[in-house]
Amino acid sequence: MAANPARRIAPAIDLNRSAVSRYLQLATLFRRRIEQGAWRPGMQIPTVDDLSAEFGVARATIRQALDQLQAEGLIERYRAKGTFVREAPATSRLWCEVETDWSGLLRSREGAEIEVLQERAGVAGSALPPAAIGTVAPSYTHFRRRHWRDGQPFLVADVYLDERLRPKVSRADLRSKTALKLVAGIPGVGIGDARQTLTIGTADVETAAALQIPLNAPVAHVHRAAVDQRGTLVLVADGIYRGDVVRIDIKLR
């Protein structure tokens, strides 16, 4: 009698290498199988017993991981029938392009709404995230903003604006303009230099709550800085995009 194929899948993954809970690691792995099409919509996935054997963990751990996916609407469980993939792969939601040219960085996201979560004045330049360009201003105003589209948050960002420019930025600007456009649109302010750095990471507790994504889900960290024509660092923006909607297109030639 042939062995159950689900029980002879390659070497088990070592879930002890990370401090993240095993069920969260497995939830991330199972989510990726759906995103990449290994588990397709309408398909029945392996049983709890099979997954338990594959990864060498208790059935309760597998159930916790599947609870995460069910809460996200990715799977549906039926008594006496099994567990089936319900949602289309998350990669089909890749619509939020992180721009790589100046004009793109100034363009607001179509259909997006910006929520101002916090405003705090009098932030010293020494308290800013490292920018590596320009001379810091005497003080900055800090804004925390969250960007939404179709009822879903996709970006949370901390923006530091030269406090001398704050009176020239309206509340409507804060709710509609990208971070760089906040300064590029101010009369008399010319941008002499601007930099952008992108790194990939995972969501911590605070980010997961703000973006309504699971803990340890993939995210993109984008750091932007702008210097005016006098060499003053007028803007620093640190944004975190949820990884299941973001993409980067770079023209090579």
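See the structure printed just above.
This one's a predicted model, so the numbers in the text were calculated from it and none came from an experiment.

For the rest of this paragraph, the subject is the overall build of the protein. Per the secondary structure count, the protein includes 7 helices and 11 strands. Contacts spanning at least 24 positions in sequence make up 61% of the contacts within the protein whose residues lie at least 6 apart. Accessible surface for the protein amounts to roughly 13,700 Å². Of this, 50% is attributable to carbon and sulfur atoms.

As a further point, take helix α3 (residues 59-71). Here α3 contains 13 residues, and its C-alpha end-to-end distance of 18 Å stays within 8% of the 18 Å for a straight helix at 1.5 Å per residue. Looking only at α3, the buried set comprises Thr61, Ile62, Ala65, Leu66 and Leu69. All buried residues of α3 project into a common sector of 135 degrees when viewed along the axis, lining one side. Against α1 (22-35), α2 (48-55) and β1 (75-78) lie the buried residues of α3. Just past α3, the residue Gly73 takes up positive phi, approximately 80 degrees.

Turning our eyes to something else, we now look at the packing of α1 against α3. Axis separation between α1 and α3 bottoms out at 8 Å; the angle between their running directions is 50 degrees. In terms of axis orientation, α1 runs oblique to α3. Read as a crossing pair, α1 and α3 show a hand that is right-handed. Contacts from Arg22, Tyr23, Leu24, Leu26, Ala27, Phe30, Arg31 and Ile34 of α1 reach α3 at Thr61, Ile62, Gln64, Ala65, Leu66, Gln68 and Leu69. Classifying every residue of the contact of α1 with α3 gives 10 nonpolar, 3 polar and 2 charged.

Right, let's get into the packing of aromatic side chains. Summed over all chains, the structure comprises 3 aromatic pairs. The interplanar angle of 65 degrees and the centroid separation of 5.9 Å between the aromatic rings of Tyr78 and Phe84 together place this pair among those described as edge-to-face. Tyr78 sits in the partly exposed class, given a relative accessible area of 43%. What makes Phe84 partly exposed here is its relative accessible area of 21%. Taken together, Phe30, Trp39 and Phe55 form an aromatic cluster joined through their ring pairs.

Turning our eyes to something else, we now look at the environment of Ala203. Following the sequence through the fold, Ala203 ends up in the loop between β8 (191-202) and α7 (205-211). The class of Ala203 is buried, set by a relative accessible area of 5%. Between the C-alpha atoms of Ala203 and Ile240, which are 37 residues apart in sequence, the distance is 8.9 Å. With residues up to four places along the chain from it excluded, the contact list for Ala203 reads Ala208, Ile213, Pro214, Leu215, Asn216, Ala217 and Val219.

At Ala80, a position not held by glycine, the phi torsion is positive, near 70 degrees. Mapped onto the fold, Ala80 is located in the loop between β1 and β2 (82-85). Residue class for Ala80 comes out exposed when judged on its relative accessible area of 85%. Its identity is not glycine, yet Gln212 carries a phi of approximately 55 degrees, on the positive side. Of note, Gln212 is situated in the loop between α7 and β9 (218-228).

Turning our eyes to something else, we now look at the pattern of salt bridges. Summed over all chains, the structure comprises 14 salt bridges. The salt bridge involving Glu54 is made with Arg33; its shortest N-O contact spans 2.8 Å. Residue Glu54 is found in helix α2, and its partner Arg33 is found in helix α1; the two are separated by 21 residues along the sequence. Relative accessible area serves as the criterion here: at 9%, Glu54 is assigned to the buried category.

About the criteria used
- Residues numbered from 1 in each chain as written.
- Predicted model: local features only at pLDDT ≥ 70, side-chain atom pairs only at ≥ 80, totals over all residues.
- Heavy atoms only, no water.
- Helix = DSSP H or I, 4+ residues; strand = E, 2+ residues; numbered from the N terminus.
- Contact = heavy atoms within 4.5 Å.
- Areas by Shrake-Rupley, 256 points an atom, 1.4 Å probe, with all protein chains shown as cover.
- Expected span 1.5 Å × (residues − 1).
- Buried < 20%, exposed > 50% of the residue type's maximum accessible area, 1.4 Å probe, protein only.
- Arc of directions from axis to C-beta.
- Axes fitted to C-alpha atoms, helices over the stretch in contact; angles between N-to-C directions.
- Parallel < 35°, antiparallel > 145°, perpendicular 65-115°, else oblique.
- Left-handed = near helix turned anticlockwise from the far one by under 90°.
- Nonpolar A, V, L, I, M, F, W, Y, C, P; charged D, E, K, R; others polar.
- Phe/Tyr/Trp six-rings, centres within 6.5 Å; stacked < 30°, edge-to-face > 60°.
- Salt bridge = Lys/Arg side-chain N within 4 Å of Asp/Glu carboxyl O.

Coordinates in, geometry out; function isn't part of it.
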